[in-house]
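Breakdown of the fold
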Amino acid sequence: MTLPDDEFEFFFDKPWSDGLPVVPPTEERIARMLEGTSRGQDEPVGEIPPAFAAANVHSVAAHAVMAGCLPGYLPVVLAGMEAILDERFGINGLQGSMNSSAPLLIVNGPHARRIGLYGGRGCFGPGFRANATIGRAIRLMLLNLGGGIPGLVSMSTFGQPSKYTFCIAENEAESPWEPFSVSRGFAPGENVVTAVACENPQLVVDNYARGPEQLFFSIADTMSHVGCWNQWVRSDLVLALSPQQAAICSDLSREEVRSRLCTLAGRRLGDLKRAGQWREEWMKDLPFAVDLENDDYFVPLIKDPADLHIIVAGGAPGPHSAVMHGWNGGSRAVSRAYSV
């Protein structure tokens, strides 16, 4: 492509930016990006709703260039987009939602370590090129190929910072458990991307818990606020435990932690009836029976234990966990193995 005198202003003048400068996707830069994959540039990746523009490996590479990715990042961008385009993820609805949820990519495997995808201290924040640019490439495609433009298609009341970029690696090195991807049914050592539609991280601060039950009480309370979608419908939820908090639970398996939190997190039916969001028909649609005449009946926050995704992230020391509530029930987490 022939660049104008001020290529950065050129892209700002087009609806091709997320509001930040982009790297001009010249054919030379795209060719270098394509060196990061063995897949053919014309290979289809999918149609991105709601505009349903067709994405192929070449157009994904172009957006990876625009976002500032290195060629080694391209396999993650491709796998992440394919996971998001899986019908179970429900990206069409998420693109137009009034909610602020965004696709979070959680990456496991040796390739993430090789390219510098980060899961340690500050992983949800600035300073890590792979995290920032991989997530940004996904967002640029949702804007440019999917048409998810704020105010036109995206009706999100507030948006959220993670709509710019939302991508981390799990901190496998400091986890007491097998990688998150293994808990999703993949083999150890596989390169895996998991996409989850969720809100920004909400911190749980507990500097003095010395046993898991104290910690679980704090986390379950944060999980269970009446204003989250998880309280009303079946939806995913991501819990990121810092290494310090995960160590408190190290005598338990990930599955035991999940089971205990599923038991603790929730609200009395009477509390739910006080909220404007209360809908009796929603309680009848849950995958378990609710005694609608008993205000003391405990309604679990997590409607299916498989929807609670527990990862280890962040740095030590750090007495924090992060709860990321899910979207409105129209999405399921999708994991996808990829090769490099």
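If you're wondering where the values come from, they're calculated on a predicted model, not measured in any experiment.

Criteria and thresholds
- Residues numbered from 1 in each chain as written.
- Predicted model: local features only at pLDDT ≥ 70, side-chain atom pairs only at ≥ 80, totals over all residues.
- Heavy atoms only, no water.
- Helix = DSSP H or I, 4+ residues; strand = E, 2+ residues; numbered from the N terminus.
- Rg over C-alpha atoms; globule rule 2.2 N^0.38 Å.
- Buried < 20%, exposed > 50% of the residue type's maximum accessible area, 1.4 Å probe, protein only.
- Contact = heavy atoms within 4.5 Å.
- Areas by Shrake-Rupley, 256 points an atom, 1.4 Å probe, with all protein chains shown as cover.
- Lys, Arg positive; Asp, Glu negative; His and termini not counted.
- Charge placed at Lys NZ, Arg CZ, Asp CG, Glu CD.
- Salt bridge = Lys/Arg side-chain N within 4 Å of Asp/Glu carboxyl O.
- Core = buried A, V, L, I, M, F, W, Y, C linked by side-chain atoms within 4.5 Å.
- Axes fitted to C-alpha atoms, helices over the stretch in contact; angles between N-to-C directions.
- Parallel < 35°, antiparallel > 145°, perpendicular 65-115°, else oblique.
- Left-handed = near helix turned anticlockwise from the far one by under 90°.
- Nonpolar A, V, L, I, M, F, W, Y, C, P; charged D, E, K, R; others polar.

Another point: the overall build of the protein chain. Along the backbone of the protein chain there are 13 helices and 12 strands. At 21 Å, the protein chain has a C-alpha radius of gyration in line with the 20 Å of a compact globule built from 340 residues. Dimensions along the principal axes, computed over C-alpha positions, put the protein chain at roughly 70 × 40 × 30 Å. Within the protein chain, the proportion of its 340 residues that are buried is 52%. The contacts of the protein chain with a sequence gap of at least 6 include a subset with a gap of at least 24, amounting to 81%. When the accessible surface of the protein chain is summed, it comes to about 14,700 Å², and 53% of that surface belongs to carbon and sulfur atoms. The averaged location of the 38 negative side-chain charges in the protein chain is 2 Å from the averaged location of its 27 positive side-chain charges.

Once that is clear, we can look at unusual backbone geometry. Excluding glycine, residues mostly have negative phi values, and the peptide bonds linking residues are mostly trans. Looking along the chain, the bond that leaves Pro-49 and enters Pro-50 is cis, with omega of 5°. For Pro-50, the location among the structural elements is in the loop between strand E1 (44–48) and strand E2 (53–56). A cis amide bond links Ala-316 with the next residue in sequence, Pro-317, at an omega value of 0°. Within the fold, Pro-317 resides in the loop between strand E10 (308–312) and strand E11 (320–325). With phi around 60°, Phe-52 is a residue other than glycine that occupies positive phi space.

For the structure shown, the criterion picks out 17 salt bridges. A salt bridge links Arg-234 to Asp-304; the nearest nitrogen and oxygen atoms lie 3.6 Å apart. Here the residue Arg-234 occupies a position in the loop between helix H9 (212–223) and strand E7 (237–241), and Asp-304 occupies one in the loop between strand E9 (298–300) and E10, the gap between them amounting to 70 residues. Given the relative accessible area of 30%, Arg-234 is considered partly exposed. Its salt-bridge partner being Asp-296, residue Arg-268 comes within 2.9 Å of it at the nearest N-O pair. Here Arg-268, found in strand E8 (residues 266–268), pairs with Asp-296, found in the loop between helix H13 (280–285) and E9; they are 28 residues apart in sequence, far enough to count as distant. Looking at Arg-268, the relative accessible area reads 33%, which means it is partly exposed. Residue class for Asp-296 comes out exposed when judged on its relative accessible area of 55%.

Turning to the nonpolar core, a few remarks are in order. If you look at the biggest cluster of nonpolar residues, it comprises 50 residues, and the most contacted ones within it are Cys-69, Leu-117 and Ile-134. Once residues lying within four places of it in the same chain are set aside, the contact partners of Cys-69 are Met-33, Ala-64, Val-77, Arg-129, Thr-133, Ile-134 and Ala-137.

All right, on to the environment of Pro-161 then. With respect to the secondary-structure elements, Pro-161 resides in the loop between helix H7 (129–144) and strand E4 (167–169). In sequence terms Pro-161 and Ala-62 are 99 residues apart; their C-alpha atoms lie 23 Å from each other.

Contact geometry for helix H4 (residues 74–85) and H7: axes closest at 10 Å, N-to-C directions at 45°. It follows from the interaxial angle that H4 and H7 lie oblique. Here the hand of the crossing between H4 and H7 comes out right-handed. Counted together, Val-76, Val-77, Gly-80, Met-81 and Ile-84 of H4 and Ile-134, Ala-137, Ile-138, Met-141 and Leu-142 of H7 form the full contact between these two elements. Here the residues of the contact of H4 with H7 are counted per class, giving nine nonpolar, one polar and no charged.

As far as function goes, none of this settles anything; it's purely spatial.
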